[in-house]
Amino acid sequence: MRKNYLLTPGPTSVPSDVLLELAKPIVHHRTPQFAEIFHSVSEGLKYVFQTKNDVLVFASSGTGAMEASVVNLLSPGDKVLTIKGGKFGERWDEICKAYNIETFPIDVEWGKPVNPDDVRNILEKEKGIKAVFATLTETSTAVVHDIKTLGSIVKEFPAVLVVDAVSGLGAVDIQTDNWNVDVVVAGSQKALMLPPGLAFASVSNKAWDLAENSKCPKYYWNFAKARKSLKTDQTPYTPAVSLVVGLSKSLEMIKEEGLENVLARHSKLAKATRAAVGAMGLELFAPQSPSDAVTAIKVPEGIDGVGLVKTLKKKYDVMITGGQAQLKGKIIRIAHMGYSDTFDIIIVISALEMALVSLGYNLELGNGIKAAEEVLK
Ligand code: PMP
């Protein structure tokens, strides 16, 4: 018998209470029964997004809602600012370019957060920028960006602020309304404790105004149609019924724990992971602004990073991820988002210690666990 431990930054493990909901017989979506569930889901999403704005729901992965944001807000030829600095920040730039939108990218060094002054400078210099595309937690580098400060800057300009919170929502604080974030995009398979397949976008009044003049082609990804259907607790097209039913359970769990406590739990787990990293003689990849959703660790010299991830899986059935793109083989990433608790951290640190020792890394077994326990106790 082998027991699997999933500690990747998406998909994440799903609580059994949610799995049981997913296993229920399908409800037809054009029924009062589904409308009632969808209504409670919409309200629950507003709570987690910390917004009074409508949160639109799509059957897709997170990238779908990213593309939807671009095509609903903009027109070909528009100017936008994109904050790069990781695979997902770069994705904003790639999507915009696919629609012939002119991008002014800030090429943040991977592992660092954006300097908000750079955003202000570009907005002041380049008149007519319609949108700023940012990322809450850059999953590829484990950096958290300062969305609160970005919101306070962008609100002084006509541009809207669009934030990819696919891996951040429910793990890291994002106060959509208080921080003036116009569009927040999220996905189901991270801190929302569901399988992949749902994507979300909250849309502010400023963003709806911009959307009115958008000329990018769109059909399925039509925000206005989704908003119209939402008024009757429906979606324009067939929703991912089972995932919506599952979401109603996971949102209920988040509400029961309380969002503040959920965020505090993530913060503690991340702190314990970082403490263990130091105690094992390893280095964080992004020490300046580390995310509480995922931790990136530099692979120590002499160790094969790809082999380390494989060893964890093969020997201990602990699944974490390595680096993406130019970070392949150079970092490993441990997620502590969603359905994640004290002993997930103990397990992954223990497995990491054993795997490193088996690969010849000089380490006193138990140092990492002890440091984690000191935080978690
Ligand atoms: N943005 C971020 C920050 C992510 O972590 C991910 C998924 N890893 C995405 C966007 C893309 O989401 P998906 O793979 O669900 O399309």
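Sequence positions are assigned chain by chain, starting from 1 and proceeding in written order. Per-residue local features of the predicted model are confined to residues with pLDDT of at least 70, and side-chain atom pairs are confined, for both listing and counting, to 80 or more; whole-chain, interface and lining totals are unaffected and use all residues. Only hydrogens and water are set aside; all other atoms, that is, all heavy atoms of the structure, feed into the side-chain values.

1. Concerning the side chain of E138
Here is step 1: Take E138: it is sitting in strand β6 (residues 137-138).
Here is step 2: When a residue's accessible area, from a 1.4 Å probe over protein chains only, is under 20% of the maximum for its type it is buried; when over 50% it is exposed; and in between it is partly exposed. Neither His nor the chain ends is counted toward charge; the positive residues are Lys and Arg and the negative residues Asp and Glu. Within this document, salt bridges are pairs made up of a side-chain nitrogen of Lys or Arg and a carboxyl oxygen of Asp or Glu, the two lying within 4 Å of each other. Buried and without a salt bridge, E138 has R333 as its closest oppositely charged side chain, separated by 7.0 Å.
Here is step 3: As used in this structure description, the phrase polar contact means that two N or O atoms lie within 3.5 Å; if the pair is within protein, one of them must be able to donate a hydrogen and the other to accept it, and residues adjacent in sequence are counted only when both atoms belong to side chains. Reaching out from E138, the side chain makes a polar contact with the backbone nitrogen of F88 at a distance of 3.2 Å.
Here is step 4: There is a polar contact of 2.6 Å between the side chain of E138 and the side chain of S140.
Here is step 5: When checking whether two residues touch, look at their non-hydrogen atoms; a contact exists if any pair is within 4.5 Å. If we skip the residues at most four places from it in the chain, E138 touches G85, G86, K87, F88, G89, V143 and H145. Only runs of H or I of at least four residues qualify as helices and only runs of E of at least two qualify as strands under DSSP, and these elements are numbered from the N terminus.

2. Remarks on the site of the ligand
Here is step 1: Residues in contact with the ligand amount to 13 residues; listed here are only the nearest, S61, T63, T139, D164 and K190.
Here is step 2: Here an oxygen atom of the ligand sits 2.5 Å away from a polar atom, N or O, in the side chain of T63.
Here is step 3: Computed by Shrake-Rupley with a 1.4 Å probe, the accessible areas treat only the displayed protein chains as cover when residues are assessed. Considered on its own, the ligand offers 390 Å² of accessible surface; in the complex 87% of this is hidden by protein.
Here is step 4: Of all the elements in the fold, those that place two or more residues in the shell around the ligand are α3 (62-73) and α4 (87-98). Any residue with at least one heavy atom within 4 Å of a molecule or strand is counted as near it.

3. Remarks on the pattern of salt bridges
Here the idea is simple: oppositely charged side chains can pair when their charged atoms come close.
Here is step 1: Per the counting criterion, the structure on display carries 17 salt bridges.
Here is step 2: A salt bridge links K370 to E374; the nearest nitrogen and oxygen atoms lie 3.6 Å apart. Pair noted here: K370 and E374 are both in helix α13 (residues 367-376), with a separation of four residues, about one helical turn.
Here is step 3: Counted as one network, the salt bridges with shared partners bring together R2, K313 and D317.

4. So, unusual backbone geometry
Here is step 1: The residue after G10, namely P11, is reached through a cis peptide bond having omega -5 degrees.
Here is step 2: Tracing the backbone shows P11 in the loop between β1 (5-6) and α1 (16-22).
Here is step 3: Residues other than glycine seldom take positive phi values, yet Q50 does so here, at roughly 55 degrees.
Here is step 4: Mapped onto the elements of the fold, Q50 is located in the loop between α2 (32-49) and β2 (55-59).
Here is step 5: For Q50, a relative accessible area of 25% gives the class partly exposed.
Here is step 6: For N180, which is not glycine, the phi dihedral falls at a positive 60 degrees.
Here is step 7: When you line up the elements, N180 lands in the loop between β8 (160-164) and β9 (183-187).
Here is step 8: Given the relative accessible area of 32%, N180 is considered partly exposed.

5. A word on the sheet that holds β9
Here is step 1: With mixed pairing, seven strands are arranged side by side in an open sheet as β2-β10-β9-β8-β5-β3-β4. A single partner strand is all that each edge strand has here, and the edge strands are β2 and β4 (102-106). With direction set aside, neighbouring strand axes in the sheet form an average angle of 20 degrees.
Here is step 2: When DSSP finds at least two bridges between two strands, those strands are taken to pair. Relative to β8, strand β5 (residues 129-135) runs parallel, the two being bridged by five bridges. Considered in β8, the bridge of A134 is made with V163.
Here is step 3: Note on geometry: axes are lines fitted to C-alpha atoms, helical ones only across the stretch in contact, with angles between N-to-C directions running from 0 to 180 degrees. Where α4 meets the sheet, it contacts β3 (79-83), β4, β5, β8 and β9, and its direction lies at approximately 150 degrees from that of β5.

6. Considering the domain arrangement of the protein chain
Here is step 1: As far as domains go, the protein chain holds domain 1 (5-10 + 258-376) and domain 2 (16-256).
Here is step 2: Computed from C-alpha coordinates alone, the two centres of domain 1 and domain 2 are separated by 28 Å.
Here is step 3: Opposite the 27 residues of domain 1 that make contact, domain 2 presents 28 residues.
Here is step 4: Taking both sides of the interface into account, the surface hidden between domain 1 and domain 2 amounts to around 2200 Å²; carbon and sulfur atoms contribute 65%.
Here is step 5: Taken together, the connections running from domain 1 to domain 2 amount to zero salt bridges.
Here is step 6: Breaking the side of domain 1 that touches domain 2 down by element, the ones donating at least two residues are α10 (259-279), β11 (294-298) and β14 (331-335). Domain extents, as shown, originate in an automatic or database domain assignment. Here the buried area means the combined drop in accessible surface, using a 1.4 Å probe, for two parts upon being joined, counting both sides.

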